[in-house]
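The chain contents come next:
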Amino acid sequence: MEANGPPVFKAVSSSARQLFQLLNCIRFAPKAQVQISNEGIRFAVEESRVMQGQTLLKKEKSNIVLKYAGIVFLDKALFDTFNCTLPPPDPANPDDQPDPPNFQISLSALLETLQIFGAAEVSTSRFSRSDNDGYGSNIRPGRPNAFSNQALGMAGICRLSYTEIGSPFSIILEESGVTTTCNLNTYEPENAEEIPFQRDAMEVKIIMQARWLFDAIVELSSTSPSRLSLTASPTAPFLSLSATGHLGSATVEFSKGRELLETFTVKKRWSQSYKFEMVKAAAETMRLASKVSVRGDEQGVLSLQFMVEVEGGSVSFVDFRFVPFLREDEDGDEEQDEYEDDEEEEEEEETQQ
């Protein structure tokens with residue numbers, strides 16, 4: 001079926017690599033929610049983990065749902081050309097502006113398409129490196145090497161288009177006379193609510209080098225932790241990350257100073273706990289980014305907003321949001337862990353007898 005009128009969205013980029021590197025930061029979910037506007041194109045993913053825990057008040061087991069989300073916004077400045085033609089308003093209600101195009105696509109299929117011509121190198125894959133790789137892994141992998149297509153003068157073109165509501169999301173890659181076309185099926189968007197972050201009730205805002213945060217997460221991961229506690233205080237220790245696991249506990253503290261914390265705004269002590277594996281999902285972005293803004297609101301929602309420098313000197317932002325453990329959920333989860341450990345010890349004693 002041919003569309004009547006111009007396509008809803010059409011954009012051209014001279015580098016599929018930078019698109020891949022940004023979207024690869026949120027590849028922990030199979031599908032991404034896409035929203036197109038006149039300012040750019042937004043990709044959002046969300047993952048939920050259901051854990052069994054028990055609260056301190058009601059000694060009953062219950063399901064605890066923890067969520068984390070990743071958002072990548074590809075600003076129109078990243079593209080050589082960017083055209084967005086939003087649907088016209090309904091003549092019966094001219095004051096009601098139509099919603100921007102919103103749909104779901106397979107994120108894994110999109111990433112596979114973008115790297116057909118080698119957009120991803122071995123050094124940029126988060127699955128090919130150990131988290132204990134040290135400072136060697138902190139060198140931003142987004143910079144082209146001497147044998148990259150950019151350095152060799154092999155220009156490539158990536159075309160993105162979305163014809164109309166319900167049509168496929170089209171990607172056309174052209175490089176060295178070879179053209180690849182991929183049409184991804186689009187799906188109805190889910191009505192899942194995004195993790196809310198109250199900017200008007202923000203209690204913590206800290207800007208630091210992203211590699212400092214990465215080093216802290218790597219250091220804490222050696223204890224195989226189940227949860228991560230983040231505490232910010234106007235007095236020393238100003239920022240601390242603590243992790244507790246079956247192999248012990250560890251804490252990393254940051255002193256207040258522009259050489260470590262470029263911006264530090266904390267009015268009162270703020271402390272929350274999160275699922276460690278969820279925060280660790282942002283490790284690839286920590287390697288890629290130059291700076292990170294650590295923000296927390298009065299509800300305990302944690303926002304990690306990363307500034308990523310891409311080819312050509314442009315800057316993009318990747319935002320992760322995490323829902324904290326409730327206090328009773330956290331305490332109850334600790335009690336359950338102790339209870340399970342006691343059961344294992346009793347089973348071992350019976351086996352020995």
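Residues numbered from 1 in each chain as written. Predicted model: local features only at pLDDT ≥ 70, side-chain atom pairs only at ≥ 80, totals over all residues. Heavy atoms only, no water.

## Remarks on the overall build of the protein chain
Now for step 1: Looking only at helices and strands, one finds 7 helices and 18 strands in the protein chain.
Now for step 2: Within the protein chain, the proportion of its 353 residues that are buried is 45%.
Now for step 3: Relative to all contacts within the protein chain whose residues are 6 or more apart in sequence, the contacts with residues 24 or more apart total 70%.
Now for step 4: When the accessible surface of the protein chain is totalled, it reaches about 18400 Å², and 47% of it is carbon and sulfur. (Helix = DSSP H or I, 4+ residues; strand = E, 2+ residues; numbered from the N terminus. Buried < 20%, exposed > 50% of the residue type's maximum accessible area, 1.4 Å probe, protein only. Contact = heavy atoms within 4.5 Å. Areas by Shrake-Rupley, 256 points an atom, 1.4 Å probe, with all protein chains shown as cover.)

## Some thoughts on the pairing of strand β17 (residues 302-309)
Now for step 1: Here 6 bridges tie strand β16 (residues 291-297) to β17, and the two strands are oriented antiparallel to one another. By the bridge assignment, Arg 295 is partnered in β17 with Ser 303.
Now for step 2: A loop of 4 residues connects β16 with β17, the two strands running antiparallel in sequence, and Gly 300 in this loop sits at a positive phi of about 95°.
Now for step 3: Strand direction decides the pairing type here: β17 and strand β18 (residues 315-322), joined by 8 bridges, are antiparallel. Within β18, the residue paired with Phe 306 across the bridge is Val 318. (Pairing = 2+ DSSP bridges.)

## Digging into the sheet that holds strand β15 (residues 270-275)
Now for step 1: Pairing is antiparallel across the open sheet formed by 4 strands, whose spatial order is β13-β12-β11-β15. On the outer flanks of this sheet lie β13 (248-254) and β15, each paired with one strand and no other. Ignoring strand direction, the axes of neighbouring strands in this sheet form an average angle of 15°.
Now for step 2: Bridge count for strand β11 (residues 225-232) against strand β12 (residues 239-245) is 7 bridges, and the pairing is antiparallel. By the bridge assignment, Thr 231 is partnered in β12 with Ser 240. (Axes fitted to C-alpha atoms, helices over the stretch in contact; angles between N-to-C directions.)

## Thoughts on the packing of aromatic side chains
Now for step 1: Throughout the structure, instances matching the rule amount to 11 aromatic pairs.
Now for step 2: Summarising the aromatic geometry, the rings of Phe 9 and Phe 169 are spaced 6.4 Å apart at their centres and angled 5° between planes, so their arrangement reads as stacked. Of the two residues, Phe 9 sits in strand β1 (residues 9-13) while Phe 169 sits in strand β8 (residues 169-175), which places them 160 residues apart along the sequence.
Now for step 3: Residue class for Phe 9 comes out buried when judged on its relative accessible area of 0%.
Now for step 4: Judged by relative accessible area, Phe 169 falls into the buried class, the value being 1%.
Now for step 5: With centroids separated by 4.4 Å and ring planes inclined at 25°, the aromatic side chains of Phe 103 and Tyr 162 adopt a geometry described as stacked. Here Phe 103 is found in strand β6 (residues 102-106), whereas its partner Tyr 162 is found in strand β7 (residues 156-162), with 59 residues between them in sequence.
Now for step 6: Judged by relative accessible area, Tyr 162 falls into the buried class, the value being 2%.
Now for step 7: Grouped by ring-pair contacts, the aromatic residues Phe 9, Phe 79, Phe 82, Phe 103, Tyr 162 and Phe 169 constitute a single cluster. (Phe/Tyr/Trp six-rings, centres within 6.5 Å; stacked < 30°, edge-to-face > 60°.)

## Structural notes on the environment of Ala 210
Now for step 1: With respect to the helices and strands, Ala 210 occurs in helix α4 (residues 210-221).
Now for step 2: In the structure, Ala 210 is positioned 75 residues away from Thr 285 in sequence and 8.5 Å away in space, judged by C-alpha atoms.
Now for step 3: With sequence-adjacent residues up to four places away left out, Ala 210 is seen in contact with Met 286, Ala 289, Ser 290, Lys 291, Val 292 and Phe 306.

## Structural notes on the nonpolar core
For soluble globular proteins, nonpolar side chains are generally found buried alongside one another.
Now for step 1: Judged by nonpolar contacts, the single largest core of 83 residues is most densely connected at Phe 43, Phe 169 and Phe 306.
Now for step 2: Counting residues per element, this core draws most heavily on α4, which supplies 8 residues.
Now for step 3: Those residues in contact with Phe 43 that sit more than four places away from it in its chain are Leu 23, Ile 26, Ala 32, Gln 33, Val 34, Gly 70, Ile 71, Val 72, Leu 74, Ile 105 and Leu 110. (Core = buried A, V, L, I, M, F, W, Y, C linked by side-chain atoms within 4.5 Å.)

## Looking at the side chain of Asp 297
Now for step 1: The topology assignment puts Asp 297 in strand β16.
Now for step 2: In this structure the side chain of Asp 297 is engaged in a polar contact, spanning 3.1 Å, whose partner is the backbone nitrogen of Gln 198.
Now for step 3: Beyond its immediate sequence surroundings of up to four residues, Asp 297 is in contact with Pro 196, Phe 197, Gln 198, Ala 201, Met 202, Glu 203 and Trp 270. (Polar contact = N/O pair within 3.5 Å; in protein donor to acceptor, adjacent residues only side chain to side chain.)

## Here's the deal with helix α1 (residues 16-23)
Since one α-helical turn is 3.6 residues long, residues separated by three or four positions face the same way.
Now for step 1: For α1, a buried count of 8 out of 8 residues is recorded, marking the element as mostly surrounded by other parts of the structure.
Now for step 2: Looking only at α1, the buried set comprises Ala 16, Arg 17, Gln 18, Leu 19, Phe 20, Gln 21, Leu 22 and Leu 23.
Now for step 3: For α1, the N-terminal capping position is held by Ser 15, with its side-chain oxygen 3.4 Å away from the main-chain nitrogen of Arg 17.

## As for the confidence of the model for the protein chain
Close inspection of predicted coordinates is inappropriate for parts of the model with low pLDDT.
Now for step 1: Confidence in the prediction of the protein chain, expressed as mean pLDDT, is 79, and 73% of residues score 70 or more.
Now for step 2: Considering each helix and strand of the protein chain separately, the mean pLDDT is smallest for helix α7 (residues 327-352), with a value of 47, and largest for β16, with 96.
Now for step 3: Counting contacts from residues 50-64, a segment whose pLDDT is below 50, to residues more than four positions away or on other chains yields 40 contacts. (pLDDT = per-residue confidence, 0-100.)

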